[in-house]
Amino acid sequence: MIIFDKLPNSEPYLLFQEKYESAKKMDQKNIEAISISSFNHEKNQVSSRFVNLKFIKNDQWIFFTNYNSNKAEDFKSHNQIYGIFYWGNINTQIRINAFIEKTTVEFNEEYFKTRKKEKNALAISSNQSKQISSFNDFVDRYKKVLKKDNLL
């Protein structure tokens, strides 16, 4: 679910919230999923992936990413993205073009504290976007993170 906080009172934002509420009423699955496309100058390559939009706070659309991930490298290389929501239950596609920047460390830390310890351990141990050697290796890493970070 997307948390709306002090949404600007302009037509695009109000229309987005209206469509979001309609999709929510129609029990849209993965309503917060947005496909983000980015460009990496060094690789001269475009890539896309799904992220979960967590907040719309004023005019900021906030999702979280691993700063060591491929997409974070893309964002450093070129700070413009393209995003697409698709809500099939109401036959709606929403496209946005935006510039990206990091939130504050304080904002990230506060959000991290609100999440379940298992979810945080999963995020830390997953090495997002990186290939894993085996499921067992991943499970071992997950258990180590839970113990190391006193999340148990």
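Source: prediction; values computed, not measured.

Moving on: helix α4 (residues 117-125). Buried within α4 we find Asn120, Ala121 and Ser125. Projected down its long axis, α4 carries its buried residues within an arc of 120°, all on one side. In this structure, the buried side of α4 is in contact with α3 (105-114) and α5 (135-148).

What follows deals with the side chain of Asn40. Tracing the backbone through its elements, the reader meets Asn40 in strand β2 (residues 33-40). Here Asn40 falls in the buried class, since its relative accessible area comes to 4%. A polar side-chain atom of Asn40 sits 3.0 Å from a polar atom in the side chain of Asp74.

Quick look at the sheet that holds strand β7 (residues 92-99) now. With antiparallel pairing, the four strands of this open sheet are ordered in space as β3-β2-β6-β7. Edge strands, defined here as strands with exactly one partner in the open sheet, are β3 (45-52) and β7. Across this sheet, the average inter-strand angle for adjacent strands is 20°, counted without regard to direction. In the sheet, strand β6 (residues 80-87) pairs with β7 via eight bridges, with the strands oriented antiparallel. Residue pairing across strands places Tyr86 opposite Gln93, the latter belonging to β7. Each of β6 and β7 is contacted by helix α1 (residues 11-25), which is oriented at about 40° to β6, the strand it contacts most. The strands touched by helix α2 (residues 70-77) within the sheet are β2, β3 and β6, with β2 carrying the most contacts at an inclination of about 55°.

Time to look at the pairing of β6. Side chains of β6 alternate between two faces, with Ile81, Gly83, Phe85 and Trp87 buried and Gln80, Tyr82, Ile84 and Tyr86 left unburied. Looking at chain direction, β2 and β6 are connected through four bridges and run antiparallel. In the sheet register, Ser37 faces β6, and the bridge partner there is Tyr82. Here β6 hands over to β7 after four residues, with Asn91 in that stretch at a positive phi of 50°.

A few words now on the pairing of β2. By the criterion of burial, β2 is predominantly enclosed, with seven of the eight residues buried. As defined by bridge partners, β2 adjoins β3 across eight bridges and the pair is classed as antiparallel. Within the sheet, the bridge partner assigned to Ser35 lies in β3 and is Phe50. What sits between β2 and β3 in their antiparallel hairpin is a turn of four residues, with Asn44 showing a positive phi close to 50°.

Using the criterion set out here, one finds six salt bridges in the structure. Ionic pairing is found between Asp5 and Lys57, a salt bridge with its closest N-O pair at 2.9 Å. Residue Asp5 is located in strand β1 (residues 3-5), and its partner Lys57 is located in strand β4 (residues 55-57); the two are separated by 52 residues in the primary sequence. By relative accessible area, which is 29% here, Lys57 ends up partly exposed. Across the pair Lys24 and Glu21 runs a salt bridge, and its minimum N-O distance is 3.9 Å. Within this pair, Lys24 and its partner Glu21 are both found in helix α1, separated by three residues, close to a single helical turn.

Reading the values: rules and limits
Residues numbered from 1 in each chain as written. Predicted model: local features only at pLDDT ≥ 70, side-chain atom pairs only at ≥ 80, totals over all residues. Heavy atoms only, no water. Buried < 20%, exposed > 50% of the residue type's maximum accessible area, 1.4 Å probe, protein only. Helix = DSSP H or I, 4+ residues; strand = E, 2+ residues; numbered from the N terminus. Arc of directions from axis to C-beta. Contact = heavy atoms within 4.5 Å. Polar contact = N/O pair within 3.5 Å; in protein donor to acceptor, adjacent residues only side chain to side chain. Pairing = 2+ DSSP bridges. Axes fitted to C-alpha atoms, helices over the stretch in contact; angles between N-to-C directions. Salt bridge = Lys/Arg side-chain N within 4 Å of Asp/Glu carboxyl O.

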